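# Architecture and fold: a report
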Amino acid sequence: MTISRRTVLTAPLAFAALPVSRMMAAPLPREVDIVVIGAGAAGIAAARRIKAAGRSVVVIEASPRIGGRCRTDPALFGVPFDRGARALYNPDGNPLVKLARGNGFDIAPMATGQKIRIGRRNARAGEAEDFLTALVRANRAIDDAARGKGDVACAAALPDDLGDWAATVDFVLGASATGRDLRALSAIDRARMRERRAAIVCRQGLGALLAKLGESVPVASGTPATRVAWSNRDVAVETPAGKVVAHAAVVTVSTQVLASGRIAFAPDLPKRQRDAASGLGLGSYDRIALQLAGNPLGLGRDESLIERSKDARTALLVANVGGSSLCTVDVAGAFGADLAAQGEDAMVAFARDWLGGMFGSDAVATIERSFATRWNADPLIGGAMSAAAPGAAGARQILAEPFGNVFVAGEATHETLYGTVEGAWDSGEQAADAALKKIGPAKPPPPPPQKQRKPRAKRRHRH
C-alpha cells in the first residue's frame, strides 16, 4: 500500500453498525428463493441485488437493528455520532457514494489536515518529514517481505533503525489501520490492502445511510439464525421464530461469530472455512467520544492528530466532528483491547489523561459528556475489522468459497478492501450474483387456463 501525506491517517476511519430504521419489518416467511443471514453492509447489498433480480429474499438479523458494525447514534451528543465506520473511500468508483447522493445524503470530503504531536507541541516540518520517511520505509519493507517465500508477521519485516518513530509507525500501519499490532498481522495480507484514497464522510452518518438503503428489503430483526442445514439443492435456516427454506443462503456474519460455533451447521461448517474464519479473527478498535465546551484543543473541523508515542499506549484523535464540539479518541490493537476490557470508565480516564498530556489539564476540564464503544464485548459481532494472522494470507479467498448452496460474504472475504464498508458491500453483491447463478433463472409462471368457449347453438332458419 502506497503511503502519502493525504492517506497516512485515513485507514483507521474505514472500520465498519446502524440506528433503528424504517426497515421493511418482515414476518418470517416459510420459503424464499434466497435467505440472507446478517443485515450489515454485505447483507443489505446482497438482499438488494437479489430483489433487483426478481427473486424473493428475506434477511435474518439477530440484532434489533440493521447495520452490523456501522451504527450512527444521532441523539447521544446532539450530532450524528458514528460508533463504527465513519468514512468511505475512492469515491470515483464507490457505489455507496452514488447511492448516498441519490438518496439525498450530505456527502463531503474529509478534512485533509493532519497533525503530529510531540509532547505539548506540534511536530516541526523536519520532524514530520522524518516520520513520513520512516513510515514509507516500513511500508516498503512489509511489501518486500510479502514477496518472500513465507508469510511472516509485519513486525519481523520492519527496519531496525526507525528510532523515535518506531512505536508510531507500528500504530499507524498496524493497530490504527487494522485493529491488530504489526506483530500479529500477516505481511502478505497487509501488503494487499488497497490504498484508501480521498476519504468521504456522510454528515448524517454512515449508519444512517445504510439504514436508508436497507428500507427496501425485508428484514426479520431480532431473529438470530441458530442452525443452517445445507446441501447442494437447498438450505434450511432455523431461528427461534421458525424455519426458512430456500434454494440458497448468503451468510454475512462476522468471522468471530462464524468461528465461535454460535450458528450450527449441518453438515458441519467445512474445516477449510472454519480455519479461514479463525485465521481472520477480528481486531480491536474502539472509539471514546468526548463532548467539549467550545474548542479548547484549537483544532479544525474533522482534523485528525496522532502523537510521537513511546509505546502502544496511544490513540488517534479526530476533533470537532462535523463542525461540532464532539471529539473522538480511537484506541486499537492489543492495548485497545485490554483497555476496553477494563470498562468504559477506564477508557474515558485514559482519553482524559492522553489529551491532558498533549493539551494541558484546562482542555480536559471542559469535557461535558463522554461515551466509549466496546465492540469486542458485543456477542453478535465480537470485535472490529478482520485481520489476517501471520500464515493466514490466503484465508480471505478460502472463506469466500461456497459450500453446497451456501455463499459467504462480508468485509473479511474481500482481499483488498477488507475493513471497509465498500469492501463489505462489494462482497455482498458478488455473493448474491453467485447464488443467483447457482439457483438459475426463475421459472416463468404457468399460463392462465384458457376458458373453453361453449359451442353456439345453431340458429334455425324459417323457410
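Residues numbered from 1 in each chain as written. Predicted model: local features only at pLDDT ≥ 70, side-chain atom pairs only at ≥ 80, totals over all residues. Heavy atoms only, no water.

### Section: the overall build of the chain
Rules: Secondary structure follows DSSP: runs of H or I at least 4 residues long count as helices, runs of E at least 2 residues long count as strands, and numbering of each begins at the N terminus. To get the radius of gyration, use the C-alpha atoms; to get the globule rule, take the number of residues to the power 0.38 and multiply by 2.2 Å.
On a plain count of helices and strands, the chain comes out with 14 helices and 20 strands. Taken over the C-alpha trace, the chain has a radius of gyration of 25 Å; the compact-globule value for 463 residues is 23 Å, and the two agree within 12%. Seen through its C-alpha atoms, the chain measures out along the principal axes to roughly 120 × 50 × 40 Å.

### Points about the state of the cysteines
Two cysteines, two sulfur atoms, one covalent bond between them: this is a disulfide. Quick reminder of the rule: Cysteine sulfur atoms that pair up within 2.5 Å are treated as a disulfide.
According to the stated counting rule, one finds zero disulfides in the structure shown. Of the cysteine sulfurs around Cys202, a residue in no disulfide, the closest is that of Cys70, at 11 Å.

### A look at the pattern of salt bridges
Threshold: A carboxyl oxygen of Asp or Glu within 4 Å of a side-chain nitrogen of Lys or Arg is what we treat as a salt bridge. Think of it in three bands: with a 1.4 Å probe and only protein chains considered, a residue is buried below 20% of the maximum accessible area for its type, exposed above 50%, and partly exposed in between.
Counted according to the given criterion, the structure contains 21 salt bridges. As a salt-bridge pair, Glu429 and Arg49 come within 3.4 Å of each other at their nearest N and O atoms. One end of the pair, Glu429, is in helix H14 (residues 421-439); the other, Arg49, is in helix H1 (residues 41-52), and 380 residues separate them in sequence. Overall, the relative accessible area of 18% leaves Glu429 in the buried class. Between Arg192 and Glu415 there is a salt bridge whose closest N-O contact spans 3.8 Å. On the criterion of sequence distance, the pair formed by Arg192 in helix H6 (residues 187-192) and Glu415 in the loop between strand S20 (406-408) and H14 is long-range, its members being 223 residues apart. By relative accessible area, which is 34% here, Arg192 ends up partly exposed. On the accessibility criterion, Glu415 (30% relative accessible area) is partly exposed.

### Focus: empty space enclosed by the protein
Short version of the rule: Cavity and pocket criteria rest on a 1 Å grid covering protein atoms alone: a 1.4 Å probe that fits but cannot get out defines a cavity, protein on both sides within 12 Å along at least 5 of 7 lines defines an open pocket, and an atom within 4 Å of a point defines a lining residue. Grid points are joined across faces, edges and corners, and a volume is the space filled by probe spheres set on the points. Classification used: nonpolar for Ala, Val, Leu, Ile, Met, Phe, Trp, Tyr, Cys and Pro, charged for Asp, Glu, Lys and Arg, polar for all others including Gly.
The space that makes up the largest cavity amounts to roughly 60 Å³. Forming the boundary of the largest cavity are Arg69, Val253, Ser254, Thr255, Leu258, Leu399, Val408, Ala409, Gly410, Glu411, Ala412 and Thr413. Residues of the lining of the largest cavity, tallied by class, amount to six nonpolar, four polar and two charged.

### Quick notes on the pairing of strand S15 (residues 285-292)
Cut-off, in case you're wondering: Strands are treated as partners if at least two bridges between them are detected by DSSP.
The buried fraction of S15 is high, at eight of eight residues. Residue alternation in S15 divides its side chains into two sets, Tyr285, Arg287, Ala289 and Gln291 and Asp286, Ile288, Leu290 and Leu292, and both sets are buried. With seven bridges connecting them, S15 and strand S18 (residues 326-332) associate as antiparallel partners. Residue pairing in the sheet places Leu290 in a bridge with Cys327 of S18. Taken together, the five bridges between S15 and strand S19 (residues 367-372) define a ladder with antiparallel strand orientation. Following the sheet pairing, Ala289 is matched in S19 by Phe371.

### Considerations on the confidence of the model for the chain
Worth spelling out the cut-off: pLDDT is a residue-level measure of predictor confidence that goes from 0 to 100. Two residues form a contact once any of their heavy atoms are found within 4.5 Å.
Within the chain, residue pLDDT values average 92, and 91% of them lie at 70 or more. Below a pLDDT of 50 lies the segment residues 1-24, which in the model reaches 117 contacts outside its immediate sequence neighbourhood of four places, other chains included.

### Side note on the pairing of strand S7 (residues 114-118)
Looking at chain direction, S7 and strand S16 (residues 303-307) are connected through four bridges and run parallel. Its bridge partner lying in S16, Arg117 is registered against Glu307. As defined by bridge partners, S7 adjoins strand S8 (residues 121-122) across two bridges and the pair is classed as antiparallel. By the bridge assignment, Arg117 is partnered in S8 with Asn122.

### Topic: the side chain of Arg117
Convention followed: Pairs of N or O atoms within 3.5 Å make up the polar contacts considered here, provided that, within protein, one atom can donate a hydrogen while the other can accept it, and that residues adjacent in sequence are counted only when both atoms are side-chain atoms.
Looking at the element boundaries, Arg117 is found in strand S7. Within the local environment of Arg117, its side chain forms a polar contact with the side chain of Asn122, the two groups lying 2.8 Å apart. Setting aside residues up to four positions removed in sequence, Arg117 forms contacts with Asn122, Leu305, Ile306, Glu307, Arg308, Met358 and Phe359.

### Notes on helix H5 (residues 166-178)
Using the following cut-off: Any helix carries an expected span of 1.5 Å times its number of residues minus one. Think of it this way: the bend at a residue is just the angle between two axes, each fitted to seven residues, one set ending at that residue and the other starting at it.
In this model, H5 (13 residues) spans 17 Å end to end at C-alpha, consistent with the 18 Å of a helix rising 1.5 Å per residue. The principal kink in H5, of about 35°, is found at Val172. With 11 of its 13 residues buried, H5 lies for the most part within the structure. Among the residues of H5, those classed as buried are Ala167, Thr168, Val169, Phe171, Val172, Leu173, Gly174, Ala175, Ser176, Ala177 and Thr178. Following H5 by one or two positions, Gly179 adopts a phi angle in the positive range, close to 85°.

### Observations regarding the nonpolar core
The criterion, for reference: Put simply, a nonpolar core is a bunch of buried Ala, Val, Leu, Ile, Met, Phe, Trp, Tyr and Cys residues held in one set by side-chain atoms that sit within 4.5 Å of each other.
The biggest cluster of nonpolar side chains holds 42 residues, and the ones touching the most others in it are Ile34, Leu210, Val250 and Val421. Elements represented by at least two residues in this core include exactly strand S2 (31-37), H1, strand S3 (57-60), helix H2 (95-102), strand S9 (200-202), helix H7 (206-213), strand S13 (242-251) and H14. In terms of residues, this core owes the most to one element, H14, which gives eight residues. Core analysis: the next-biggest nonpolar cluster, separate from the first, contains 36 residues, Ala87, Ile142, Phe171 and Leu182 among them.

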